[in-house]
Amino acid sequence: MKHGFIKVAAATPKISVAACEKNADAIIDVIEKAKESDIKLLVFPELSITSASCADLFFSDALLTSAKNEILRVVATTEGSDMIIIIGFPLVVNDNLFNCAAFCQNGQILGITPKSVLTYEQTKYFSQYDGTPISIKLGYDYVAFGNGLIFACDDIPTLKVGVEVGDECFARISPSCSLCENGATVIVNPFSHIEEIGFEEYESFMLCSLSARNVCGYIHTGSALGETTTDGVYSTRSIILENGKIIAKSPLFSPDELLVTELDLGLISAERRRSTAFKTKSPDTLQNIFFNMELNDTVLTKKISSSPFIPEDAEEIKSRCEKILTAQASGLATRMTRAFAKTLVIGISGGLDSCLAILVAARAMDMLGKDRKDIIGVTMPCFGTTARTKSNAELLCSALGVTLKCVNIGESVKQHFSDIGHDESNRNVVYENAQARERTQVIMDIANMENGLVVGTGDLSELVLGWATYNGDHMSMYGVNADVPKTLIRHIVAYSADVAETNGSTALADVLRDILNTPVSPELLPADADGNIAQKTEDLVGPYEIHDFYIYYMLRYGFSPDKLYRMAKLALGDKYDDETLLKWLKNLVRRFFSQQFKRSCLPDGPRVGTVGVSPRGALAMPSDATASEWLKIVEAL
């Protein structure tokens, strides 16, 4: 359970209707398989000891006696194992028959949760229990019985398990709501249901909503293999969710007996701490039952996206790009109106960031019904400007129909070097930053001349790294890209190219695609002998693909560096070696803390995602915070 990961599984064993002994054998076989996979939380289907489709056979003493005996036999086989097992079975308490789920570990039943929300068919056989927990005798032991049981691990504070049974998850207010409100982080649901057309979509929607609202992990088992087909076919589909997202799902009528993945309890806990919508009550409101579990290093098998800012579905990527462009443009249009500005001024370098900024500006002008000629794109060639980027800047402005100005700042920068006594041959940070600040001065002054707003181009990735010249490209009157990471900017520009091509704007599509293929660079150092870009950003600060991965989990969930590194090895290990991943993690941590002063005075800009660094709500961080505790963890890796 290192870093909060716990291996879990939904089990759908092969069973026979009303054959308790045979079903118990099948359950024991699956438990043994689960032990081999180091599973720590295993959930069997509703009424899996008897099968859920016994109908009037549930009135039989023979069936009920056998069910009780077999559940005790199954539990006895778990002695010596700390794996948590939840098994569905029928149980008579005070002459009432209940549809129950037993919480078992290490040869004991720690508690039994009866179903409190019954389907119409089930009311014929089962009683509804809706009271406080009581103590009942089962075998030789007294066991807690009732709703509102939370099973809390002494050794892992973030592991608190609640149980709801079957259709309870579809109730207007399901038991899981109260359980999570009182501290449960994982909900398990032994389930059994006849498959109907449209039910899969409904089930997935309801469970995603439930897991998201409760900010919890959720393990929902399908029916066991072998339920009766008298009046329908039972689905074996199981679903495992984490904070509203499906992280594992078995196919319909899957023959596999185990659906295995890992829940990230650290992610759930972090999300709860940061959420103002989710608050827990006193943990004493419901009954807590404590258990122990040995801490180990869970082997991760779950898929971790290498690009967490980017959706996996192609259509969803298009939708996200469109929404972000619209949000950026709407924010810029509003600011332009409120500031009574007549023009928008943008420094156009021929790179990705300024490309996105001018695309956003063009949309904003279209929204306002203004002429795109009121956008002034300013190219400011200097010592490192290449023919390729200068040409792309000009082609982009032409394709968008905006006004283009070229201000060569070379002589101005040289005069500045002379004024301050800097040797031009010394290509240090002064040499670079003087160019960046001169460019900002030029576009600020043009904005004053043209009653305009300077539109900032810096992106989220650069701001986290502090890869911006203070009071240079760091400053603007409205920063439209400040919430968008570099990896996502690539997708937005690619999407814009596809849209342009579809609309017949081949010139725009062509230049956008060439910009995408141009190395990211501030172009502050002279080009190489062949006129190509010599100063490549990713060679200096690291690949943005790595940084954006770290940035997402560091800022969104507050994960520690060792957890970030572990996850990166799983997500990016096929592309980068461990040494590379560790090198840039250290660089990110160091720069993130040392460069906060640049983020503390950022200009306004539209917030478009859940990760941001604006000091006005996204990231409240002291400029003098030290990275020592974080670097200590990095050095120990």
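Owing to the predicted nature of the structure, the values given are computational and were not obtained by experimental measurement.

(A) The arrangement of the overall build of the protein in detail. Within the protein one finds 19 helices and 20 strands. The principal-axis extents of the C-alpha atoms in the protein amount to approximately 100 × 50 × 45 Å. Within the protein, the proportion of its 637 residues that are buried is 56%. Approximately 26,500 Å² of the protein is accessible, and the part contributed by carbon and sulfur atoms is 50%. For the protein, the centre of its 60 positive side-chain charges and the centre of its 80 negative side-chain charges are spaced 5 Å apart.

(B) Focus on helix α4 (residues 199-214). For α4, spanning 16 residues, the distance from its first C-alpha to its last is 22 Å, which sits close to the expected 22 Å at 1.5 Å a residue. Of all the positions in α4, only F199, E203, S204, L207, L210, S211 and N214 are classed as buried. Along α4, the residues classed as buried sweep out an arc of 135° about the axis, all on the same side. Structural note: α4 exposes E201 and F205 on the side pointing more than 90 degrees away from its buried face.

(C) Structural detail: the pattern of salt bridges. Applying the stated criterion across every chain yields a total of 36 salt bridges. Residues D366 and R372 are paired through a salt bridge, measuring 2.6 Å at the closest nitrogen-oxygen approach. Ionic pairing is found between E545 and K575, a salt bridge with its closest N-O pair at 2.9 Å. Highlighted residues: E545 in helix α15 (residues 544-557) and K575 in the loop between α16 (561-572) and α17 (578-594), separated in sequence by 30 residues. Sharing partners across several salt bridges, the network here consists of D353, D459, E462 and K486.

(D) Structural detail: the packing of aromatic side chains. Counting across every chain of the model gives 27 aromatic pairs. Measuring from ring centre to ring centre gives 5.8 Å for F417 and Y431, while their planes differ by 20°; the resulting arrangement is stacked. Separated by 14 residues along the polypeptide, F417 in helix α9 (residues 410-420) and Y431 in helix α10 (residues 429-449) bring together distant segments of the chain. In terms of burial, F417 and Y431 fall into one category: buried. Relative to Y550, the ring of F549 lies with its centre 6.1 Å away and its plane at 70°, an arrangement referred to as edge-to-face. Note that K486 overlies the ring of Y544, its terminal NZ or CZ placed 5.0 Å from the centroid. Just above the ring of F5 sits the side chain of K563; from NZ or CZ to the centre is 4.8 Å.

(E) The arrangement of the nonpolar core in detail. Among the nonpolar cores identified, the biggest contains 92 residues, and L332, I358, L396, F549, Y550 and Y553 are the most heavily contacted of them. Non-local contacts of I358, meaning those with residues more than four positions away in its chain, are made with I346, I348, I375, L396, C397, L400 and V402. Among the nonpolar cores identified, the runner-up in size contains 44 residues, and L63, A67, F89 and L118 belong to it.

(F) Region of interest: the sheet that holds strand β18 (residues 403-406). Read across the open sheet, the five strands follow the order β18-β17-β16-β19-β20; overall the sheet is parallel. Lying at the two open borders of the sheet, with one neighbouring strand each, are β18 and β20 (478-479). Against the sheet, helix α7 (residues 352-368) makes contact with β16 (343-347), β17 (375-379) and β19 (452-456), and its axis sits at roughly 170° relative to β16, the strand it touches most. Along the sheet face, α10 touches β16, β17, β18 and β19 and points at about 150° away from the line of β19.

(G) Summary view of the sheet that holds strand β2 (residues 41-43). On the basis of which strands lie adjacent, the open sheet formed by eight strands has the order β6-β7-β5-β4-β3-β2-β1-β14 and mixed pairing. Both outer strands of the open sheet, β6 (134-138) and β14 (258-264), are each paired with one neighbouring strand and no more. Sheet twist, expressed as the mean angle between neighbouring strand axes with direction ignored, is 30°. Relative to strand β5 (residues 108-114), strand β4 (residues 96-105) runs antiparallel, the two sharing six bridges. Among the inter-strand pairings, F103 is bridged to a residue of β5, identified as G111.

(H) Spotlight on the packing of helix α6 (residues 314-338) against α7. The N-to-C vectors of α6 and α7 enclose an angle of 65°; their axes lie 8 Å apart at closest approach. By crossing handedness, the relation of α6 to α7 is classed as right-handed. Contacts between α6 and α7 involve E322, L325, T326, Q328, A329, S330, L332, A333, M336 and T337 on the former and, on the latter, L356, V360, A361, R363, A364, M365, M367 and L368. Taken together, the residues that form the contact of α6 with α7 break down as 12 nonpolar, four polar and two charged.

(I) Spatial organisation of the pairing of β4. Most of β4 sits inside the fold, with nine of its 10 residues counted as buried. Here nine bridges tie strand β3 (residues 84-93) to β4, and the two strands are oriented antiparallel to one another. Bridge pairing in β4 places P90 opposite N99. Between the end of β3 and the start of β4, which pair antiparallel, lie two residues, with N94 showing a positive phi angle near 50°. Between β4 and β5, which pair antiparallel and follow one another directly, the connecting turn spans two residues, one of which, N106, has a positive phi of 50°.

(J) How the structure looks around the packing of α7 against helix α12 (residues 486-502). For the pair α7 and α12, interaxial distance at closest approach is 10 Å and the crossing angle is 55°. If you check the angle between α7 and α12, you find them oblique. The element α7 and its partner α12 pack so that their crossing is left-handed. Note on element contacts: α12 touches α7 through K486, I489, R490, I492, V493 and S496, opposite L352, D353, C355, L356 and L359. Here the residues of the contact of α7 with α12 sort into seven nonpolar, one polar and three charged.

(K) Representation of the environment of C321 within the structure. Note that C321 resides in helix α6. Judged by relative accessible area, which is 0%, C321 ranks as buried. On a C-alpha basis, the gap between C321 and A494 in space is 9.4 Å, while along the polypeptide they are 173 residues apart. Residue contacts for C321: discarding those within four places in its chain leaves H491, I492 and Y495.

Conventions used here
Residues numbered from 1 in each chain as written. Predicted model: local features only at pLDDT ≥ 70, side-chain atom pairs only at ≥ 80, totals over all residues. Heavy atoms only, no water. Helix = DSSP H or I, 4+ residues; strand = E, 2+ residues; numbered from the N terminus. Buried < 20%, exposed > 50% of the residue type's maximum accessible area, 1.4 Å probe, protein only. Areas by Shrake-Rupley, 256 points an atom, 1.4 Å probe, with all protein chains shown as cover. Lys, Arg positive; Asp, Glu negative; His and termini not counted. Charge placed at Lys NZ, Arg CZ, Asp CG, Glu CD. Expected span 1.5 Å × (residues − 1). Arc of directions from axis to C-beta. Salt bridge = Lys/Arg side-chain N within 4 Å of Asp/Glu carboxyl O. Phe/Tyr/Trp six-rings, centres within 6.5 Å; stacked < 30°, edge-to-face > 60°. Lys NZ or Arg CZ within 6 Å of the ring centre and 35° of its normal. Core = buried A, V, L, I, M, F, W, Y, C linked by side-chain atoms within 4.5 Å. Contact = heavy atoms within 4.5 Å. Pairing = 2+ DSSP bridges. Axes fitted to C-alpha atoms, helices over the stretch in contact; angles between N-to-C directions. Left-handed = near helix turned anticlockwise from the far one by under 90°. Nonpolar A, V, L, I, M, F, W, Y, C, P; charged D, E, K, R; others polar. Parallel < 35°, antiparallel > 145°, perpendicular 65-115°, else oblique.

Everything listed here is a matter of geometry and, on its own, says nothing about what the molecule does.
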